[in-house]
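# Summary of structural features
Single-letter residue listing:
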Amino acid sequence: MVRPYTITRGRTAPERDDLTLITVLTTVEEAAAAAPARGSRTGARGLQPEHRMILERCRRPAAVAEVAAGLDLPVSVTKILLGDLVAQGLLKARAPLSVARAAGGVDLGLLTAVREGLRRL
């Protein structure tokens, strides 16, 4: 078992504060394909195994919460790793509403039904 502070190289907070649990992440395929050529060892530009798992998971759009669950790491640690990949240009982070708009718009009927269902709970 590896301690979370080891994975983040001692960092305790992400550099980006715009990553929420529902921020949608997508791998930048061209940049990710070139990443292994940079070297497999941990370094300033090298990728750790967790970084590689994130890139693989985000080939299809995934939320921060999904990625954290898939890695079995705390969300705070996952956000630090995601910030690394976004800074290197290997990952795109988008607000969920921009993704919904790109997919044809927000279905207000569905959102209303979800809201009403939650109120009934």
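Quick caveat: nothing in here was measured; it's all calculated off a predicted structure.

Here we come to the overall build of the chain. For the chain, the count of helices and strands is seven helices and three strands. Each of the 121 residues in the chain was classed as buried or not, and the buried ones make up 33%. Looking at the chain alone, contacts between residues at least 24 apart form 73% of all its contacts between residues at least 6 apart. Carbon and sulfur atoms make up 58% of the accessible area of the chain, which amounts to about 7,800 Å² in all.

A few words now on the nonpolar core. Core analysis: the largest hydrophobic core is formed by 19 residues, its most contacted members being Leu-25, Ile-54, Cys-58, Val-67, Leu-82, Leu-85 and Leu-91. Of all the elements in the fold, those that place two or more residues in this core are helix H3 (49-57), helix H4 (64-71) and helix H5 (75-87). Not counting chain neighbours up to four residues away, the residues in contact with Cys-58 comprise Leu-25, Thr-26, Thr-27, Val-67 and Leu-91.

To continue, consider the packing of H3 against H4. Contact geometry of H3 with H4 gives a least axis separation of 10 Å together with a crossing angle of 130°. The angle between the axes of H3 and H4 places the two elements in the oblique class. The handedness of the crossing between H3 and H4 comes out as right-handed. In this structure, H3 contributes Glu-50, Met-53, Ile-54 and Arg-57 to the contact, and H4 contributes Glu-66, Val-67 and Leu-71. For the contact of H3 with H4, the residue count by class is four nonpolar, no polar and three charged.

In this section: the pattern of salt bridges. In a structure, side chains of opposite charge can pair up when their charged atoms sit close to one another. The final tally for this structure, using the stated rule, is five salt bridges. For the salt bridge of Glu-29 with Arg-59, the shortest nitrogen-to-oxygen distance reads 2.5 Å. Here Glu-29 is found in helix H2 (residues 29-34), whereas its partner Arg-59 is found in the loop between H3 and strand E2 (62-63), with 30 residues between them in sequence. Its relative accessible area of 34% is what places Glu-29 among the partly exposed residues. The class of Arg-59 is partly exposed, set by a relative accessible area of 37%. Where Glu-66 meets Arg-57, a salt bridge forms, and the shortest distance between an N and an O atom there is 3.8 Å. The network of salt bridges with common partners includes Glu-29, Glu-56 and Arg-59.

For the chain, per-residue confidence averages 78 on the pLDDT scale, and 72% of positions sit at 70 or higher. Across residues 38-44, where pLDDT falls below 50, the model places 15 contacts with residues more than four positions away in sequence or in other chains.

If you check H5, its first and last C-alpha atoms are 18 Å apart, about what 13 residues at 1.5 Å a residue would give, namely 18 Å. Among the 13 residues that make up H5, 10 are buried, leaving the element largely enclosed by the rest of the structure. All of the buried residues in H5 are Val-77, Thr-78, Lys-79, Ile-80, Leu-81, Leu-82, Gly-83, Asp-84, Leu-85 and Val-86. Once H5 finishes, Gly-89 follows within two positions and takes phi at roughly 80°, a positive value.

Reading the values: rules and limits
Residues numbered from 1 in each chain as written. Predicted model: local features only at pLDDT ≥ 70, side-chain atom pairs only at ≥ 80, totals over all residues. Heavy atoms only, no water. Helix = DSSP H or I, 4+ residues; strand = E, 2+ residues; numbered from the N terminus. Buried < 20%, exposed > 50% of the residue type's maximum accessible area, 1.4 Å probe, protein only. Contact = heavy atoms within 4.5 Å. Areas by Shrake-Rupley, 256 points an atom, 1.4 Å probe, with all protein chains shown as cover. Core = buried A, V, L, I, M, F, W, Y, C linked by side-chain atoms within 4.5 Å. Axes fitted to C-alpha atoms, helices over the stretch in contact; angles between N-to-C directions. Parallel < 35°, antiparallel > 145°, perpendicular 65-115°, else oblique. Left-handed = near helix turned anticlockwise from the far one by under 90°. Nonpolar A, V, L, I, M, F, W, Y, C, P; charged D, E, K, R; others polar. Salt bridge = Lys/Arg side-chain N within 4 Å of Asp/Glu carboxyl O. pLDDT = per-residue confidence, 0-100. Expected span 1.5 Å × (residues − 1).

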